[in-house]
Amino acid sequence: MKNKALLMLGLLLVVAIFAIVACKKAIDSAPKIQTIALTNDHAKKVYNYIIGMGFPAHQIVDQPDAFIVEGDIRFPKDMVLPKALEEQYYTGSLVSTSWVTNIRLSVDASMTSMNSEITSAIGQWNGITSCAINWTIVTSGTYDVLITDTNLGNGVCGQGTFPSAGKAGNLIYINKAYIAGNTFAQRARTICHEMGHNVSFRHTNWFSRGEPTATDVPGVPGTDANSLMNGGQCGTGATSLSAKDIQAAQALYP
Ligand SMILES: [Zn+2]
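Everything numeric in this text was worked out from a predicted model, so none of it was measured. (Residues numbered from 1 in each chain as written. Predicted model: local features only at pLDDT ≥ 70, side-chain atom pairs only at ≥ 80, totals over all residues. Heavy atoms only, no water.)

**Details of the coordination of the zinc ion**
Right, on to step 1. The coordination sphere of the zinc ion, as far as protein atoms go, consists of D72 (OD), D72 (OD), H193 (NE2), H197 (NE2) and H203 (NE2), spread over 2.0 to 2.5 Å.
Right, on to step 2. For the zinc ion, all donor residues lie on one chain, and their spacing in sequence is D-x120-H-x3-H-x5-H. In this pair, D72 sits in the loop between β2 (66-69) and β3 (73-76) while H197 sits in helix α6 (residues 184-198), placing the two residues 125 residues apart along the sequence.
Right, on to step 3. Note on D72: relative accessible area 8%, which makes it buried.
Right, on to step 4. With relative accessibility at 0%, the residue H197 sits in the buried group. (Donors = N, O, S within 2.8 Å, 3.2 Å for Na, K, Ca; no water. Helix = DSSP H or I, 4+ residues; strand = E, 2+ residues; numbered from the N terminus. Buried < 20%, exposed > 50% of the residue type's maximum accessible area, 1.4 Å probe, protein only.)

Okay, structure coming up:
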């Protein structure tokens, strides 16, 4: 009888130990919430600025020189923040009239093999009537935006940079090897799409992609299956700015 009781107790102990181990395993395999430890004060402000725009912390990817949101929009850690930030509100991030009329694009040597695609993409933005957006390629001297080849891994065609201090975002990364197998029109689309981010366009399909609420362009609300600014469509998306893309560009930059 005593032996039987000891045996039962032993069994209970084994079960209890199993339960604890199993429980610990479940905790270990639960997804870890990304915590970004920032030692740089300015980067902290940029991070808070992004949070203030409505991007949840778990969607912000920390890279050495920038934070990435929505997969392909860069916020450089040294970006100039709007003065309004000190008053705790966000006033918008458009490129100012004096800058948007002459966005000087420098093509890094790594991207000159796609000069034709770049020229095609520029043609789409510059071809919008009644719109101030005007890109020019500069081969020397001062430039506003650099387009360069960078390995972004699988699934990301390119990355644009959000405007800051009234100037277009200063960098466009193109995952050249990754998009090399796409058609000419799709390669040009990638470049045209990232250029859109550099003048403050968000993804038209932000809602279906589960991205934070974007501000409607006045008079041009809603979704648009034909938008070149739809995200997550590398190699398959619209290759021409849609009627609504054009209306939005005219509304933002008359
Ligand atoms: Zn995008």
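**Regarding helix α2 (residues 41-52)**
Right, on to step 1. Counted at 1.5 Å a residue, the expected span for α2 with its 12 residues is 16 Å, and the 16 Å between its end C-alpha atoms agrees.
Right, on to step 2. Taken as a whole, α2 has its buried residues at A43, V46, Y47, Y49 and I50. Looking straight down α2, one finds that the buried residues subtend no more than 155 degrees of arc, so they occupy a single side. Facing away from the buried side of α2, by more than 90 degrees, are the exposed residues D41, K45 and G52. (Expected span 1.5 Å × (residues − 1). Arc of directions from axis to C-beta.)

**Digging into the pattern of salt bridges**
Right, on to step 1. Summed over all chains, the structure comprises six salt bridges.
Right, on to step 2. K77 is paired through a salt bridge with D62; the nearest N and O atoms lie 2.6 Å apart. Note that K77 is positioned in the loop between β3 and α3 (97-100) and D62 in strand β1 (residues 61-62), a separation of 15 residues in sequence.
Right, on to step 3. For K77, a relative accessible area of 15% translates into the label buried. (Salt bridge = Lys/Arg side-chain N within 4 Å of Asp/Glu carboxyl O.)

**Some thoughts on the side chain of R74**
Right, on to step 1. Inspection of the secondary structure puts R74 in strand β3.
Right, on to step 2. When near neighbours in sequence (up to four residues on either side) are disregarded, R74 contacts D65, A66, F67, I68, Q159, G160, T161, F162, L171 and Y173. (Contact = heavy atoms within 4.5 Å.)

**Section: the state of the cysteines**
Right, on to step 1. Per the counting criterion, the structure on display carries one disulfide.
Right, on to step 2. Bridging C157 to C234, the disulfide has an S-S length of 1.5 Å. The disulfide joining C157 to C234 has a torsion of about 65 degrees about its S-S bond and is therefore right-handed. Of this pair, C157 sits in the loop between β6 (145-149) and β7 (158-161) while C234 sits in the loop between α6 and α7 (243-252), and the two are 77 residues apart along the sequence.
Right, on to step 3. A residue is classified by how much of its surface remains accessible, and C157, at 7% relative accessible area, is buried. (Disulfide = S-S within 2.5 Å.)

**With respect to the confidence of the model for the chain**
Right, on to step 1. Looking at the chain, pLDDT values average 83 and 81% of them are 70 or higher.
Right, on to step 2. Across residues 9-34 the pLDDT falls below 50, and counting only partners more than four positions away or on other chains, this stretch makes five contacts in the model.
Right, on to step 3. A low-confidence stretch, residues 84-91 (pLDDT under 50), is modelled with seven contacts involving residues beyond four sequence positions or located in other chains. (pLDDT = per-residue confidence, 0-100.)

**Observations concerning the pairing of strand β5 (residues 135-138)**
Right, on to step 1. With four bridges connecting them, strand β4 (residues 103-107) and β5 associate as parallel partners. For R104, the partnering residue across the bridge sits in β5 and is T136.
Right, on to step 2. Following the chain from β4 across helix α4 (residues 115-126) to the adjacent parallel β5, one finds a crossover that is right-handed. (Pairing = 2+ DSSP bridges. Right-handed = clockwise from strand over helix to strand, strands pointing away.)

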